[in-house]
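# Observations on chain architecture
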Amino acid sequence: MLNPDSQLVYDVLRSITGDDDVYKIIEADEVLERLPKDKQFSKVQLSSIVRDLKDRDYVNVKYFTPDEYCILTLKRFEEAEVVSQPAKRVEKKEKAERVPYETKTEKPVKPIKKGVVFLMAFLGGLLGSAIVAAVAIVLIKFAL
């Protein structure tokens, strides 16, 4: 949970940036103007509160200077629990590109026999050593 000052700044940032999940450039003076008269902060205090919100994953910050911030406010679980009601899931009739993990069906996998694995490993080693031997012969023949 946030302290009251951080919660106040977070609410002001949410009102400025909105819910459209887009980074917005906000001036510090704009935030300070929207604060109540009894809660006035300096720009240094405001930047420390924004840094604290960033560290607690309440906002994403691309960059910030003492006078300007590029911020995306995030919806937190505690906030979503209080503000909104659970949304109903709408099922689509069309085949979706992504399938939830719970509903995904797996194809049966055929077990591989140990003899086949040994044979493939042996043939791979044989082929690799043949290539190395061929390269070594070519280098000895033409380089020396």
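Further up the page is the structure itself.
The structure contained in this document is the topic of the report that follows.

Scanning the chain for helices and strands turns up 5 helices and 3 strands. Listing each helix as α and each strand as β along the chain from the N terminus yields α-β-α-α-β-β-α-α. The 144 residues of the chain split such that 19% are buried. The contacts of the chain with a sequence gap of at least 6 include a subset with a gap of at least 24, amounting to 54%. Carbon and sulfur atoms form 60% of the exposed surface of the chain, whose accessible area is close to 12100 Å².

This next bit is on unusual backbone geometry. The backbone phi angle of aspartate 57 is positive, close to 60°, even though this residue is not glycine. Looking at the element boundaries, aspartate 57 is found in the loop between helix 3 (43–55) and strand 2 (59–64). We classify aspartate 57 as partly exposed; its relative accessible area is 46%.

Here we come to the sheet that holds strand 3 (residues 68–73). Strand order in this open sheet of 3 strands is 1-3-2, and the pairing throughout is antiparallel. Here the strands that pair on one side only, and so sit at the sheet edges, are strand 1 (24–27) and strand 2. Ignoring strand direction, the axes of neighbouring strands in this sheet form an average angle of 35°. Judged from the 5 bridges that link them, strand 2 and strand 3 form a sheet pairing that is antiparallel.

Turning next to the nonpolar core. One finds Val9, Leu13, Val31, Leu46, Leu53, Val59 and Ile71 to be the most contacted residues of the largest nonpolar core, which totals 21 residues. When residues of this core are traced back to their parent elements, those giving at least two are helix 1 (4–17), helix 2 (28–34), helix 3, strand 2 and strand 3. By residue number, the principal contributor to this core is helix 1, which donates 5 residues. Those residues in contact with valine 59 that sit more than four places away from it in its chain are Tyr10, Leu13, Val50, Leu53, Lys54, Ile71, Leu72, Thr73 and Leu74.

Glancing now at the packing of helix 1 against helix 3. For the pair helix 1 and helix 3, the least separation of the axes is 10 Å and the interaxial angle reads 85°. With respect to their mutual orientation, helix 1 and helix 3 come out roughly perpendicular. Contacts between helix 1 and helix 3 involve Asp5, Ser6, Val9, Tyr10 and Leu13 from the first element and Leu46, Ile49, Val50, Asp52 and Leu53 from the second. The residue inventory of the contact of helix 1 with helix 3, partitioned by class, reads 7 nonpolar, 1 polar and 2 charged.

Turning to the packing of aromatic side chains, a few remarks are in order. All told, the structure shown has 3 aromatic pairs when counted by the stated rule. Relative to tyrosine 69, the ring of phenylalanine 64 has its centre 5.9 Å away and its plane inclined at 40°; by these criteria the two rings are tilted. Taking the relative accessible area as the measure of exposure, phenylalanine 64 reaches 26% and is therefore partly exposed. We classify tyrosine 69 as buried; its relative accessible area is 0%. Ring geometry for phenylalanine 118 and phenylalanine 122: centres 6.3 Å apart, planes at 20°, overall stacked. Taken together, the residues phenylalanine 118 and phenylalanine 122, both in helix 5 (residues 114–143) and 4 residues apart, mark about one turn of the helix. Under the relative-accessibility criterion, phenylalanine 122 is labelled partly exposed at 48%. A cation sits over an aromatic face here: lysine 62 above tyrosine 23, 4.7 Å from the ring centre.

What counts and how
Residues numbered from 1 in each chain as written. Predicted model: local features only at pLDDT ≥ 70, side-chain atom pairs only at ≥ 80, totals over all residues. Heavy atoms only, no water. Helix = DSSP H or I, 4+ residues; strand = E, 2+ residues; numbered from the N terminus. Buried < 20%, exposed > 50% of the residue type's maximum accessible area, 1.4 Å probe, protein only. Contact = heavy atoms within 4.5 Å. Areas by Shrake-Rupley, 256 points an atom, 1.4 Å probe, with all protein chains shown as cover. Pairing = 2+ DSSP bridges. Axes fitted to C-alpha atoms, helices over the stretch in contact; angles between N-to-C directions. Core = buried A, V, L, I, M, F, W, Y, C linked by side-chain atoms within 4.5 Å. Parallel < 35°, antiparallel > 145°, perpendicular 65-115°, else oblique. Nonpolar A, V, L, I, M, F, W, Y, C, P; charged D, E, K, R; others polar. Phe/Tyr/Trp six-rings, centres within 6.5 Å; stacked < 30°, edge-to-face > 60°. Lys NZ or Arg CZ within 6 Å of the ring centre and 35° of its normal.

Note that all results are geometric; they support no functional claim without further evidence.
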